[in-house]
Amino acid sequence: MKAISLLNETRQVQLIDVPEPEIERPNQLKLRILEIGICGTDREQVEAGYGEAPAGTDHLVIGHEMLGEVVEVGKEVKSFRKGDYAVLTVRRGCGQCAACQSNRSDMCMTGLFTERGIKGRHGFETEYVVDEQQYAVKVPAELVQVGVLTEPMSVVEKAIEEAVALQAARIPQAKAATWLIGKRTLVAGLGPIGLLAAIALLLRGAEVIGLDIVDEGSKRPDILRRLGGTYLDGRKVDTATLDARLGQVDFILEATGVAELGFQLIDALGVNGIYVMTGIPHGDRPVCITGAEMMQQIVLKNQLIMGSVNASTLHYAQAIEDMQKAKAKWGDLLNEIITTRLPFQQYREALDLRSENDIKTVLLWDKPSEQV
Ligand code: BGC
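First, a word on scope: everything that follows refers to the structure included in this document.

Right, let's get into the packing of helix α4 (residues 192–203) against helix α5 (residues 219–227). Contact geometry for α4 and α5: axes closest at 10 Å, N-to-C directions at 5 degrees. With respect to their mutual orientation, α4 and α5 come out roughly parallel. Facing α4, whose interface residues are L195, A198, I199 and L202, α5 presents R220, I223, L224 and L227. In the contact of α4 with α5, the residues fall into seven nonpolar, no polar and one charged.

The two faces of strand β15 (residues 251–254) match: F251 and L253 on one face and I252 and E254 on the other face are all buried. The pairing of strand β12 (residues 184–188) with β15 spans four bridges and is classified as parallel. Its bridge partner lying in β15, A188 is registered against E254. Where β15 and strand β16 (residues 274–277) come together, four bridges link them in parallel fashion. Residue F251 lies in a different strand from β16, and its bridge partner there is I274.

We now examine the packing of aromatic side chains. Overall, the coordinates contain one aromatic pair when judged by the stated rule. Residues F344 and W365 carry aromatic rings whose centres are separated by 3.9 Å and whose planes lie at 0 degrees to one another, so their mutual orientation is stacked. Of this pair, F344 sits in the loop between β18 (338–343) and α10 (347–352) while W365 is found in the segment after β19 (360–364), placing the two residues 21 residues apart along the sequence. Overall, the relative accessible area of 9% leaves W365 in the buried class. Lying across the ring of Y128, K30 places its NZ or CZ 4.9 Å from the centre.

A few words on the sheet that holds strand β4 (residues 59–61). Reading across from one edge, β2-β1-β4 is the order of the three strands in this open sheet, with antiparallel pairing throughout. Of all the strands in the sheet, the pair left with one neighbour each is β2 (13–17) and β4. Each strand of the sheet is rotated relative to its neighbour by a mean of 45 degrees, with strand direction disregarded. By the bridge criterion, three bridges tie strand β1 (residues 2–7) to β4 in an arrangement that is antiparallel. Across the sheet, residue S5 finds its bridge partner in β4, namely V61.

Attention now moves to the site of the ligand. Looking at the ligand, the residues that line it are C39, T41, H64, V90, R91, E115, I118, E151, I280, V309 and N310. H64 is positioned with one of its side-chain polar atoms (N or O) 3.4 Å from an oxygen atom of the ligand. The residue makeup of the shell around the ligand, split by class, is five nonpolar, three polar and three charged.

Rules used in this analysis
Residue positions are given per chain, counting from 1 as you read along its sequence in written order. A pLDDT threshold of at least 70 governs which residues receive local features in this predicted model, and a stricter bar of 80 or more applies before side-chain atom pairs are shown or counted, although totals over entire chains, interfaces and linings include all residues. Derived side-chain values reflect all non-hydrogen atoms in the structure, with water molecules and hydrogen atoms excluded from consideration. Helix axes are fitted only over the stretch in contact, all axes being lines through C-alpha atoms; the angle between N-to-C directions runs from 0 to 180 degrees. The secondary structure listing takes helices from DSSP runs of H or I that are at least 4 residues long and strands from runs of E that are at least 2 residues long, numbered from the N terminus. In what follows, roughly perpendicular refers to angles from 65 to 115 degrees, roughly parallel to angles under 35, roughly antiparallel to angles over 145, and oblique to any angle outside these ranges. Contacts are assigned to residue pairs that have any heavy atoms within 4.5 Å of one another. In this classification, the charged set is Asp, Glu, Lys and Arg, the nonpolar set is Ala, Val, Leu, Ile, Met, Phe, Trp, Tyr, Cys and Pro, and all remaining amino acids, among them Gly, are polar. Three labels apply to residues, based on accessible area from a 1.4 Å probe with only protein chains included: buried if under 20% of the type maximum, exposed if over 50%, partly exposed otherwise in between. When DSSP finds two or more bridges between a pair of strands, those strands are recorded as paired. Here is the rule: rings of Phe, Tyr and Trp (six-membered ring for Trp) pair when centre to centre is within 6.5 Å. Planes less than 30 degrees apart are stacked, more than 60 are edge-to-face, and the remainder are tilted. Two conditions define a charge located above a ring, namely a distance within 6 Å from the ring centre to NZ of Lys or CZ of Arg, and an angle within 35 degrees of the ring normal. What makes a residue near a molecule or strand is one non-hydrogen atom of that residue sitting within 4 Å of it. Pairs of N or O atoms within 3.5 Å make up the polar contacts considered here, provided that, within protein, one atom can donate a hydrogen while the other can accept it, and that residues adjacent in sequence are counted only when both atoms are side-chain atoms.

Geometry only, nothing functional implied.
Right, dumping it as structure tokens:
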């Protein structure tokens, strides 16, 4: 079968032939890949050769945002059957730490985890995959068109859940279930993560201001406005004046992966506010910040600055629940986040694609059987 792989020797991405995986244990299931989303990490793999092949192999099959259809299940698999749509999580635990032993490898403490398509384990840009049922989450048929967004949505769910839990733990009277109601939130970067974060925050009753550096009339601000958020063109505002301009900002979710901006935005955070960084910048350019002023602000305003990566199956399930709610509230607006669908053979074009109106590009591997 075909697989898009990063070759160790050349550090180039290429379509190669690999053996089709088969079920080897009774708790496994086999999926036919339908769609794979492309994200910044995939583009880094192509441009900077980032990514690590499984031990003893000469290539890494890339791709970690997937949607598949179950074609076969092992004898012990009771909650999935042939024809179900499902997604697989990205990370596999180290097997040594308490987090990984409780299926929370997203909080792995040893760093010895692997990630499908990224670190030491083959990914999903291929025709078939096999994995254990504990890493699979069912996608209802009504969400098949947007199921490939489950992984990025799960990252958002984890970031928000952690932030809200921390606020509930430290602010008198704050409760996790209601803390976001009426809160002013700033989402920096309106790519897939930012727009999905806007959706999750709006569903929880927050006010959402979305910051990006694209024209007012382009696709990202348009989707944000139709969701009920407000757009701010980062090219027209000085980040140092954001606090005065926006007033009390309770929560910031960073999804730009631009280190300098990531630090500058701390300035916009309000009293008792929480700031979650989700972008993963590469390269290492020094960042210039007004350190004393920033530290003074963080201390005097009881601020929490944190990072969040990856997600557990619980967050995938939450992602699916929120995508259902989004569909009920905004109809097919969620589908508009997927701006380009290309056949997998056009992977080079898909990986190169970057324009103001491109949000999520997806590679098509096969059609769901219902639509064949
Ligand atoms: C993925 C995460 C992964 C992270 C670090 C992100 O692009 O969405 O699942 O943990 O990269 O490799």
